[in-house]
Amino acid sequence: MKSDFSKGSVAGNIMSLAVPMTLAQLVNVLYNVVDRIYIGRMPENATLAMTGLGVCFPIITMVIAFANLFGMGGAPLCTIARGKGDQKEAESIMGNSFILLLISGAVLTVLGLLLKEPLLYAFGASAETFPFADQYITIYLCGSIFVMISLGMNSFINSQGFGRVGMTTVLCGAVANIILDPIFIFTFQMGIQGAALATVLSQFLSAMWVLWFLTGKKAILRLKKECFRLKWKRICSITALGTTGFTMSITNCAVQIICNSTLQIYGGDLYVGIMTVINSIREVISMPVSGITNSAQPVLGFNYGAGKYKRVRSGIKFMSIVCIAYTIVAWAVLYVFPEFFIHIFNQDPELTQAAVPALHVYYFGFFTMSLQFAGQSVYVGLGKSKQAVFFSLLRKAVIVIPLTLLLPNLFSLGTMGVFLAEPISNFIGGGACFITMLATVWRRLKEDPEPVKQTAVGDGDA
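It should be emphasised that the depicted structure is a prediction, and the values quoted were computed from it without experimental measurement. (Residues numbered from 1 in each chain as written. Predicted model: local features only at pLDDT ≥ 70, side-chain atom pairs only at ≥ 80, totals over all residues. Heavy atoms only, no water.)

**Details of the overall build of the chain**
Reasoning step 1: Across its full length, the chain holds 16 helices and 0 strands.
Reasoning step 2: Taking 462 residues into account, the globule formula puts the C-alpha radius of gyration at 23 Å, and the chain, at 21 Å, falls close to it.
Reasoning step 3: Referenced to the eigenvectors of the C-alpha coordinate spread, the extents of the chain come out at roughly 60 × 45 × 35 Å.
Reasoning step 4: The proportion of buried residues among the 462 residues of the chain is 59%.
Reasoning step 5: On the chain, roughly 17900 Å² of surface is accessible, and the fraction owed to carbon and sulfur atoms is 68%.
Reasoning step 6: Counting 32 positive and 22 negative side-chain charges, the chain places the averaged centre of each group 17 Å from the other. (Helix = DSSP H or I, 4+ residues; strand = E, 2+ residues; numbered from the N terminus. Rg over C-alpha atoms; globule rule 2.2 N^0.38 Å. Buried < 20%, exposed > 50% of the residue type's maximum accessible area, 1.4 Å probe, protein only. Areas by Shrake-Rupley, 256 points an atom, 1.4 Å probe, with all protein chains shown as cover. Lys, Arg positive; Asp, Glu negative; His and termini not counted. Charge placed at Lys NZ, Arg CZ, Asp CG, Glu CD.)

Next up, the structure:
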């Protein structure tokens, strides 16, 4: 069987996916990051336009949340089914996921266009930034179905072991975005509308590539019409496991909303802009961690389905060590060179001066973030949806959101209280997730392979 993760080095299997997948995520980040870089260099209203784009993040995150719900929900189930040798069920899972992505994409487009004005103001827009936010999100929503296909279905390409193909999916779109952005923004003088149009056209190219590959002969699992018929039990399994990625995205959305609205109250548009810059930096520097942990999931899931528990333990160990080491180095670089990263997105002296101390606080103890990523990935890779959802909710909904609302009122912290909520949540939530994973999943995985009796989505102990 192709992409048999039960053979060879576990670390080698993970890295064979991680290198192209990380590069793919780097390119994927460029979809939005390049927009912000160009928008931050517009000759007029650059900071207001970038802040308006930041106000759109919660809506964009909602679209991504649903892509994760059905993409990240179905892909691990496909991997587990392949590990058990059930090719037909694996393809049926992928077909059902595809239809669910199309339906949810259409619904989100209609609702988003109808409710965009009240949503944007609720998410931290002001009279000055609303026009820019409205122009961007209107065009973006019209192409949201392309985002659903390219992001959601690319998970099925990566889960089959075609990491390089998955990288090409986002590479073709991102290269187009890099080329089209300056043409639409500056040459055609479309401003922020040009950035949105470039993003939509780029996502369209990525979506077409995904569909071409998954319906072609090179794919192990193919999109087939006979697999499009929705089955309630299968939908429940996909949704149950996908709830992890969905919850992580939707709670990120909630955090973005609370942060922007709170910063608007205590600091105005300037601090909403600072949070936009900080979130942009986070997307870039957290990418290798996402690449490693996402690449580990199919390897862990395949070996778990095949009863190779010793290899599962080896994969967990390798993933955790690499992620912790990387985030320690990233934390040090951010602390020493904050202005370098800030100036990538905005060169306003007033914003830079206020952003440096905010960045130092926000990224304090950044390595603890990798504990959350690693723990979550183990739960998702092994099909343990309940545990994964719990720890996702714990860090964001139970810790970050209350602290974001509470801390600005304590000790006259103001805007700094909003930035302080992140490192506190990383220490508490990340530590709790990782330690619990070690005490439960890690401890109960046997050294010798044993037959796996659980179903495709198992919420019980290993």
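**Some points on the side chain of asparagine 96**
Reasoning step 1: Within the fold, asparagine 96 resides in helix H3 (residues 87-122).
Reasoning step 2: Discounting chain neighbours no more than four positions away, the residues touching asparagine 96 are Cys227, Phe228, Arg229, Leu230, Lys231, Arg234, Ile235 and Ile238. (Contact = heavy atoms within 4.5 Å.)

**A closer look at the confidence of the model for the chain**
Reasoning step 1: Predicted confidence across the chain gives a mean pLDDT of 89, with 95% of residues reaching 70 or more.
Reasoning step 2: Every residue in residues 450-462 is under pLDDT 50, and counting partners more than four places away or in other chains gives 37 contacts. (pLDDT = per-residue confidence, 0-100.)

**Side note on the packing of helix H13 (residues 349-362) against helix H16 (residues 415-444)**
The axes of two packed helices give the description: the angle between them and the distance between them.
Reasoning step 1: It is the contact of H13 with H16, at a shortest axis distance of 7 Å, that shows an interaxial angle of 30°. Our classification of the angle between H13 and H16 gives roughly parallel. Of the residues in H16, those touching H13 at Pro357, Ala358, Val361 and Tyr362 are Met416, Phe419, Leu420, Glu422 and Pro423.
Reasoning step 2: Residue composition of the contact of H13 with H16, by class: 8 nonpolar, no polar and 1 charged. (Axes fitted to C-alpha atoms, helices over the stretch in contact; angles between N-to-C directions. Parallel < 35°, antiparallel > 145°, perpendicular 65-115°, else oblique. Nonpolar A, V, L, I, M, F, W, Y, C, P; charged D, E, K, R; others polar.)

**Focus on the nonpolar core**
Reasoning step 1: The biggest cluster of nonpolar side chains holds 135 residues, and the ones touching the most others in it are Leu120, Tyr136, Met153, Ile274, Ile281, Tyr363 and Phe419.
Reasoning step 2: For this core, the element with the most residues is helix H2 (residues 46-83), which contributes 18 residues.
Reasoning step 3: Leave out the neighbours within four places in its chain, and isoleucine 281 touches Leu334, Phe341, Ile342, Phe345, Leu359 and Tyr363. (Core = buried A, V, L, I, M, F, W, Y, C linked by side-chain atoms within 4.5 Å.)

**A closer look at the packing of aromatic side chains**
Reasoning step 1: Inspection of the entire model under this criterion finds 20 aromatic pairs.
Reasoning step 2: Between the aromatic rings of phenylalanine 367 and phenylalanine 427, the centroid separation amounts to 6.2 Å while the plane-to-plane angle is 85°, which identifies the pairing as edge-to-face. In this pair, phenylalanine 367 sits in the loop between H13 and helix H14 (368-381) while phenylalanine 427 sits in helix H16, placing the two residues 60 residues apart along the sequence.
Reasoning step 3: Among the residues examined, phenylalanine 427 registers a relative accessible area of 40% and is labelled partly exposed.
Reasoning step 4: Residues tyrosine 379 and phenylalanine 391 carry aromatic rings whose centres are separated by 6.0 Å and whose planes lie at 5° to one another, so their mutual orientation is stacked. (Phe/Tyr/Trp six-rings, centres within 6.5 Å; stacked < 30°, edge-to-face > 60°.)

**Describing the environment of leucine 101**
Reasoning step 1: Topologically, leucine 101 is positioned in helix H3.
Reasoning step 2: On the basis of relative accessibility, which here comes to 0%, the residue leucine 101 falls in the buried class.
Reasoning step 3: As a C-alpha pair, leucine 101 and lysine 7 span 94 residues in sequence and 33 Å in three-dimensional space.
Reasoning step 4: Setting aside residues up to four positions removed in sequence, leucine 101 forms contacts with Phe66, Ala67, Phe70, Gly71, Met148, Gly152 and Met153.

**A short note on helix H5 (residues 144-159)**
Reasoning step 1: Along its 16 residues, H5 runs 23 Å from first to last C-alpha, staying within 8% of the 22 Å computed at 1.5 Å per residue.
Reasoning step 2: Taking burial as the measure, the 16 residues of H5 include 13 buried ones, the bulk of the element.
Reasoning step 3: A positive backbone phi angle near 95° is found at glycine 161, which sits one or two residues after H5. (Expected span 1.5 Å × (residues − 1).)

**What about the side chain of threonine 109?**
Reasoning step 1: Along the polypeptide, threonine 109 turns up in helix H3.
Reasoning step 2: The class for threonine 109 is buried, based on a relative accessible area of 16%.
Reasoning step 3: A distance of 2.9 Å separates the side chain of threonine 109 from the backbone oxygen of glycine 105, its partner in a polar contact.
Reasoning step 4: Once you skip the residues sitting within four places of it in the chain, threonine 109 turns out to touch Leu141, Cys142 and Ser144. (Polar contact = N/O pair within 3.5 Å; in protein donor to acceptor, adjacent residues only side chain to side chain.)

**Focus on a nonpolar patch on the surface**
Reasoning step 1: A contiguous nonpolar surface patch, about 630 Å² in accessible area, is contributed by Ile103, Val107, Val110, Leu111, Leu114, Leu115 and Leu230.
Reasoning step 2: Position of leucine 115 relative to the elements: it lies in helix H3. (Patch = residues over 30% accessible without salt bridge, like charges linked within 9 Å, V, L, I, M, F, W, Y side chains within 5 Å. Salt bridge = Lys/Arg side-chain N within 4 Å of Asp/Glu carboxyl O.)

**A look at the pattern of salt bridges**
Reasoning step 1: Counted under the stated rule, the structure contains 6 salt bridges.
Reasoning step 2: Here arginine 234 ties to glutamate 89 by a salt bridge, and the two come within 3.2 Å at their closest N and O atoms. Of this pair, arginine 234 sits in helix H8 (residues 232-266) while glutamate 89 sits in helix H3, and the two are 145 residues apart along the sequence.
Reasoning step 3: Residue glutamate 89 is classed as partly exposed on the basis of its relative accessible area, which comes to 27%.
Reasoning step 4: For arginine 395, the salt bridge is made with glutamate 422, and the minimal N-O distance between the two is 3.4 Å. Placement of arginine 395 in helix H15 (residues 385-406) and of glutamate 422 in helix H16 is noted, with a sequence separation of 27 residues between them.

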